[in-house]
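As a plain string of letters, each chain reads:
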Amino acid sequence: MRIAVGGIHTECSTYSPVLMTAEDFRVLRDAELLGAEYFNFLAAAGIEHVPLLHARAVPGGPVSRAAYELFKAEFLERLQAALPIDGVYLAMHGAINVEGMDDAEGDWISAARAVVGPACPIAASYDLHGNVSQRIIDQLDIFAAYRTAPHIDVRETMVRAWSMLVETLRTGIRPGVAWAKVPLLLPGECTSTEDEPAKSIYLGLPAFDVQPGVLDANLMIGYVWADEPRATACAVVTGTDRQAASRAAEEIAQQYWNARENFGFGPVTGPLEEMLDIAASATTSPVILADSADNPTGGGVGDRADVLRALIARNWHGALLAGITDRPAVEACFAAREGTSLSLRIGGSLDPASVPAEVTAKVLRLDDSGAAADRQAVVEVDGVTIVLAARRRPYHNIEDFRRLGLDPKAVRLLVVKSGYLSPELAPIANPNLMALTGGVVNQDIANLASRRRARPVFPFDRDFDYAPAAAFSVRWRE
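Being a predicted model, the structure only gives us computed values, none of them experimental.

Draft legend 1. Structural context of the packing of helix 2 (residues 65–82) against helix 3 (residues 104–116). Taken N-terminus to C-terminus, the directions of helix 2 and helix 3 make an angle of 20 degrees; their axes are 10 Å apart at the nearest point. When the axes of helix 2 and helix 3 are compared, the pair comes out roughly parallel. When the axes of helix 2 and helix 3 are compared, the crossing they make is right-handed. Of the residues in helix 3, those in contact with Tyr-68, Phe-71, Lys-72, Phe-75, Leu-76, Leu-79 and Gln-80 of helix 2 are Ala-104, Asp-107, Trp-108, Ala-111, Ala-112, Val-115 and Val-116. Of the residues in the contact of helix 2 with helix 3, the class split is 11 nonpolar, 1 polar and 2 charged.

Draft legend 2. Quick peek at the sheet that holds strand 17 (residues 413–416). In space, the 9 strands of this open sheet follow the order 10-18-11-17-12-16-15-14-13, with mixed pairing throughout. The strands lining the two open edges of the sheet, one partner per strand, are strand 10 (268–270) and strand 13 (341–346). Here the strands of the sheet are splayed against their neighbours by 30 degrees on average, with no regard to which way each runs. Against the sheet, helix 10 (residues 306–313) engages strand 11 (287–291), strand 12 (319–325), strand 13, strand 14 (357–367), strand 15 (376–381), strand 16 (384–389) and strand 17, with an angle of about 145 degrees to strand 12. Relative to the sheet, helix 11 (residues 327–336) contacts strand 12, strand 13, strand 14, strand 15 and strand 16, its axis offset from that of strand 13 by approximately 170 degrees.

Draft legend 3. Fine view of the nonpolar core. Judged by nonpolar contacts, the single largest core of 57 residues is most densely connected at Ile-3, Phe-39, Tyr-89 and Tyr-256. Once residues within four sequence positions are removed from consideration, Tyr-256 is found in contact with Val-182, Leu-184, Leu-186, Thr-191, Ile-201, Leu-219, Ile-221, Ala-233 and Phe-263. Counting residues in hydrophobic clusters, the runner-up holds 48 residues, among them Val-50, Ala-55, Ala-57 and Ile-85.

Draft legend 4. Region of interest: the sheet that holds strand 7 (residues 176–182). Read across the sheet, 4 strands follow the order 8-9-7-19 without closing on themselves; strand pairing throughout is antiparallel. Unpaired on one side and paired on the other, strand 8 (214–220) and strand 19 (471–472) mark the two borders of the sheet. In this sheet, strand 9 (residues 233–239) lies alongside strand 7 in antiparallel orientation, the contact comprising 7 bridges. When the sheet's bridge partners are listed, Ala-180 is paired in strand 9 with Ala-235. Sheet contacts for helix 5 (residues 154–171): strand 8 and strand 9; angle to strand 8, the most-contacted strand, approximately 150 degrees.

Draft legend 5. Seen up close, the environment of Arg-365. Residue position: Arg-365 is located in strand 14. The sequence separation of Arg-365 and Phe-334 amounts to 31 residues, and the corresponding C-alpha distance is 9.4 Å. In terms of polar contacts, Arg-365 uses its side chain to reach the backbone carbonyl oxygen of Arg-403, at 3.4 Å.

Conventions and cut-offs
- Residues numbered from 1 in each chain as written.
- Predicted model: local features only at pLDDT ≥ 70, side-chain atom pairs only at ≥ 80, totals over all residues.
- Heavy atoms only, no water.
- Axes fitted to C-alpha atoms, helices over the stretch in contact; angles between N-to-C directions.
- Helix = DSSP H or I, 4+ residues; strand = E, 2+ residues; numbered from the N terminus.
- Parallel < 35°, antiparallel > 145°, perpendicular 65-115°, else oblique.
- Left-handed = near helix turned anticlockwise from the far one by under 90°.
- Contact = heavy atoms within 4.5 Å.
- Nonpolar A, V, L, I, M, F, W, Y, C, P; charged D, E, K, R; others polar.
- Pairing = 2+ DSSP bridges.
- Core = buried A, V, L, I, M, F, W, Y, C linked by side-chain atoms within 4.5 Å.
- Buried < 20%, exposed > 50% of the residue type's maximum accessible area, 1.4 Å probe, protein only.
- Polar contact = N/O pair within 3.5 Å; in protein donor to acceptor, adjacent residues only side chain to side chain.

Right under this line is the structure:
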């Protein structure tokens with residue numbers, strides 16, 4: 001039996017002015033796809049895995065239509081050439097926004113369905129911060145989503161989706177999908193599974209999996225920074241019994257709705273100046289401060305210098321800020337070389353709303369992996385060490401710092417562009433602070449511009465009633 005493997009995976013803030021292009025994506029094809037650590041679980045007796053195309057990018061602004069159509073055309077061409085196929089596994093995210101298009105995942109999966117036909121089972125794995133639609137559900141037989149945020153079960157989730165597909169091919173028992181919308185949109189920073197009430201809700205999902213007729217139960221938080229009609233939370237259940245799957249979806253949806261007023265930030269959170277006051281008085285280290293509204297892994301631009309300007313104004317010493325996206329500044333540092341000082345304009349290279357910092361900086365270290373777009377520079381400005389990146393990217397792993405000769409544990413204050421901290425940084429935070437900063441993924445959710453969302457939806461609206469009502473995939477209704 002032959003399973004085709006591919007997909008497209010990123011997250012897009014519709015509030016960002018920066019379009020993502022094809023160059024922003026890492027594309028896996030052919031043997032490189034099957035050999036990648038991301039997919040190396042794909043091994044089962046009697047199953048041949050056929051690699052198509054998988055495109056993945058750090059979250060950002062909307063994807064250019066040209067880039068999306070380029071990837072989609074190649075994916076479909078490869079899928080067509082691979083026929084006949086017994087099953088399709090798609091590794092998706094769920095929160096892509098493509099310029100001029102609603103529901104890009106619905107478009108992608110529908111196009112795949114049109115190629116393989118109605119008899120071929122399709123399985124998809126999703127990020128729990130993806131947005132789902134009836135169009136998406138209608139094309140799928142199997143659905144599984146992450147159950148942790150921060151995401152430490154990515155591989156486990158992919159295995160869940162793929163394993164259900166393998167079992168379907170081996171047994172001939174075709175599952176289906178039921179889902180129940182929840183008119184509730186909260187940021188991931190308020191719904192981390194490290195904190196209540198999300199923690200208990202997600203820990204309860206495996207109990208649904210063992211109910212007769214249910215295979216896999218999921219709660220989708222959705223993606224709040226996409227002002228689009230499909231943006232919503234929902235429960236999605238894969239099962240073999242429609243009534244059991246429907247009941248499970250409605251119960252999960254009701255649990256989430258009932259808890260809506262109880263969600264909040266896990267770390268100490270507040271305006272930037274208040275968080276810097278706490279950091280200044282701390283007797284422990286490293287204090288880790290998250291610049292939440294400019295978080296690249298949430299769709300932020302990554303080029304804001306707000307925290308840098310605040311640190312300079314306070315004459316702060318002993319801080320490490322990682323990092324700010326600014327390709328012109330990086331190129332200027334490379335032209336100047338290590339050990340030299342130069343005037344730099346840091347920040348504001350991508351988003352017109354970002355206010356740069358005009359500084360004199362000393363170049364401490366240059367990092368060149370071979371591609372100009374991947375260059376990094378470490379500079380020092382008035383006692384603050386700053387990592388500059390040519391490409392939008394996060395600094396969430398210890399190795400990101402080690403590569404640059406930096407030790408995040410040795411500084412008084414570490415500033416990262418993040419919401420909740422990554423699994424590697426959270427254990428060393430002493431304490432963990434989150435600043436409510438400005439940017440395209442800011443936490444002032446109720447006041448986000450909301451022109452295209454389906455209404456009512458909490459917390460944009462509060463005075464309305466809700467009762468969950470599950471719907472099925474059209475494939476399961478037939």
